[in-house]
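# Structural description and commentary
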Amino acid sequence: MAAAGLVLIAACSSTKSSTVSGPAVETLPPNSPQYKPAFEGQTRVGSVKTETVYTTNIITQALVKPWSMAALPDGRFLVTEKLGSMRIVSTNGTVSNKITGIPAADTAGQGGLLGLALDPDFASNRMIYFVFSEPVATGNHAAVAKARLSNNETALENVTVIYRVTPTYRGDKHNGGKLAFNKDGNLLVTSGERSDLATRPLAQDNSTSLGKILLITKTGQAVTDPLMLPKPNDRPEIFSSGHRNPLGIAIHPTTGDIWEAEMGPKGGDEINIIRRGVNYGWPVITYGVEYSGATIGEGLTQKDGYEQPVYYWDPSISPGGIAFYTGRNIPEWENNLFVGSLSGKHIIRLVLDGNKVLGEERLMSAENQRFRDVGMGKDGKLYAITDEGRMYSIGRD
Ligand SMILES: [Ca+2]
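These notes cover the structure that comes with them. Each chain carries its own residue numbering, running from 1 in the written order of its sequence. Note on the predicted model: pLDDT of at least 70 is required for a residue's local features to be given, and 80 or more for side-chain atom pairs to be given and counted; whole-chain, interface and lining totals, by contrast, use all residues. With hydrogens and water excluded, all non-hydrogen atoms of the structure serve as input to the side-chain values.

### Topic: the side chain of Ser 85
Counting from the N terminus, the helices are DSSP H or I runs at least four residues long and the strands are E runs at least two residues long. Of note, Ser 85 is situated in strand β7 (residues 85–89). Here the side chain of Ser 85 touches Glu 81 through a polar contact of 2.6 Å, side chain to side chain. Should any heavy atoms of two residues lie within 4.5 Å, those residues are counted as being in contact. Other than its neighbours up to four places away in sequence, Ser 85 contacts Val 79, Thr 80, Lys 98, Ile 102 and Leu 113. Distance and chemistry together define a polar contact, namely a pair of N or O atoms within 3.5 Å, with one atom able to donate a hydrogen and the other to accept it when in protein, and with adjacent residues in sequence counting only for side-chain atoms on both sides.

### Notes on the coordination of the calcium ion
Ideal coordination angles are 109.5 degrees for a metal with four donors arranged tetrahedrally and 90 or 180 degrees for a metal with six donors arranged octahedrally. As a rule, N, O and S atoms within 2.8 Å of a metal are its donors, except that Na, K and Ca use 3.2 Å; water is not among the atoms, so sites may look incomplete. Within the protein, Glu 270 (OE), Glu 270 (OE) and Tyr 280 (O) serve as the donor atoms for the calcium ion, at 2.3 to 2.6 Å. Here Glu 270, found in strand β18 (residues 269–274), pairs with Tyr 280, found in the loop between β18 and β19 (311–313); they are 10 residues apart in sequence, far enough to count as distant. Overall, Glu 270 belongs to the buried group, its relative accessible area being 6%. Note on exposure labels: buried denotes an accessible area under 20% of the residue type's maximum, exposed denotes more than 50%, and partly exposed covers the range between, all computed with a 1.4 Å probe on protein chains only.

### Structural notes on the packing of aromatic side chains
Two aromatic rings, drawn from Phe, Tyr or Trp (for Trp, its six-membered ring), form a pair once their centres lie within 6.5 Å of each other, and the interplanar angle then sorts them: stacked below 30 degrees, edge-to-face above 60, tilted otherwise. In total, this model carries 11 aromatic pairs according to the counting rule given. Both rings, one in Tyr 311 and one in Trp 313, keep their centres 5.2 Å apart while their planes meet at 90°; by these two values the pair is edge-to-face. Relative to Trp 333, the ring of Tyr 325 has its centre 5.4 Å away and its plane inclined at 90°; by these criteria the two rings are edge-to-face. Of the two residues examined, Tyr 325 and Trp 333, each falls in the buried class. An aromatic cluster is present here, built from Tyr 54, Tyr 325, Trp 333 and Phe 338 joined pairwise through their rings.

### Considering the sheet that holds strand β12 (residues 179–181)
Criterion used throughout: strands pair if DSSP finds at least two bridges between them. Here we have four strands laid out as an open sheet, ordered β12-β13-β14-β15, and antiparallel in their pairing. The open sheet has two free edges, formed respectively by β12 and β15 (238–241), since each of these has just one partner strand. Within this sheet the neighbouring strands show an average axis-to-axis angle of 20°, counted without direction. Bridge count between strand β13 (residues 187–190) and strand β14 (residues 212–216): four bridges; the pairing is antiparallel. Residue pairing for β14: Leu 188 is matched across the bridge by Leu 215. An axis is simply a line fitted to the C-alpha atoms; with a helix, the fit covers only the stretch in contact. Between two such axes, the angle follows the N-to-C directions and lies from 0 to 180 degrees.

### Describing the pattern of salt bridges
Here a salt bridge means any side-chain nitrogen of Lys or Arg lying within 4 Å of a carboxyl oxygen belonging to Asp or Glu. Tallied over the full model, the rule gives 18 salt bridges. Salt-bridge contacts for Arg 390 lead to Glu 367; the nearest nitrogen and oxygen are separated by 3.6 Å. Note that Arg 390 is positioned in the loop between β25 (382–386) and β26 (391–395) and Glu 367 in the loop between β23 (356–363) and β24 (371–376), a separation of 23 residues in sequence. Between Asp 397 and Lys 381 there is a salt bridge; the shortest N-O distance is 2.9 Å. In this pair, Asp 397 sits in the segment after β26 while Lys 381 sits in the loop between β24 and β25, placing the two residues 16 residues apart along the sequence. Linked through salt bridges whose partners overlap, the residues forming this network are Glu 26, Glu 360 and Arg 362.

Next up, the structure:
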């Protein structure tokens, strides 16, 4: 698959270049060997290896199912825990008490307190945004809330739900639930299709917000493009459609493009670049199969009108959160995409050239942790949280 020989990577403005050489880091057989990539470099690219000597530190292992994190202006992290709490973690390992005032979440299965984003003006307004599974009489739905972090950091104030994914459903899977502010200061929300066969087709139904990437204002209003107005029955907040369970979203630091990681079926985990109005295919096209091994739909991997992933993994690695490296601690990582791998139990480093993945590296495999989310620290190190309750820093001391 990878080009023979040695390929030098011209990493934008990086002071150092890494080399990509075969073979691919993945050595296990695919889950769906009958499917072939649409283009060279769409899966199993050549391996890349970090040349900088760095250390990994366990900052704390006192968290309980941490799910999402965001760096505060002073370098500490605000962290959500799936079971409904939020804490502040210092890079020296100090973990705060639970912040109070968080609405009760339905924490069954994959539900709970999920994604988190700081207001771009957090330093002056102390506003935060978060997603939780809101329990109601007919089931639950992902809800986006905003709140102010109190001056003494012990409580959320003026908690307001600004958006609710629809329809409500009685289930406990595939909520999506990640948040990111785009370059215009509006809020991108990832929404899953709730997994079940009853709701899966709704990823293709734009009268619902399941299985979509949504774009809303800080008050929860749809952000539309006058040149691409929605059809009469479409929900105007839909930015893109055809997603399964998107658990990672990040804005490219130089292009401003929206990159997304999506938990696919067995053998179909994806990286996508998200553009308005584009249909990303699920469940019409996919490189994966059902957990039983059965084909999904007509067993198609390509179809006109449905966008291809930039990259996919087969076998599955179960991508969680993603982050672009924007620090100066390890210059050769500049603008690389890092992906937390849950079932794979490692952190993936992807070296990019424009919209193409050039090289893949797997970090932290010896830790044997399910990496739920990754993020940049204000100190230029990479940080990660795991389902087992750890937070790591990764970089040069
Ligand atoms: Ca797709």
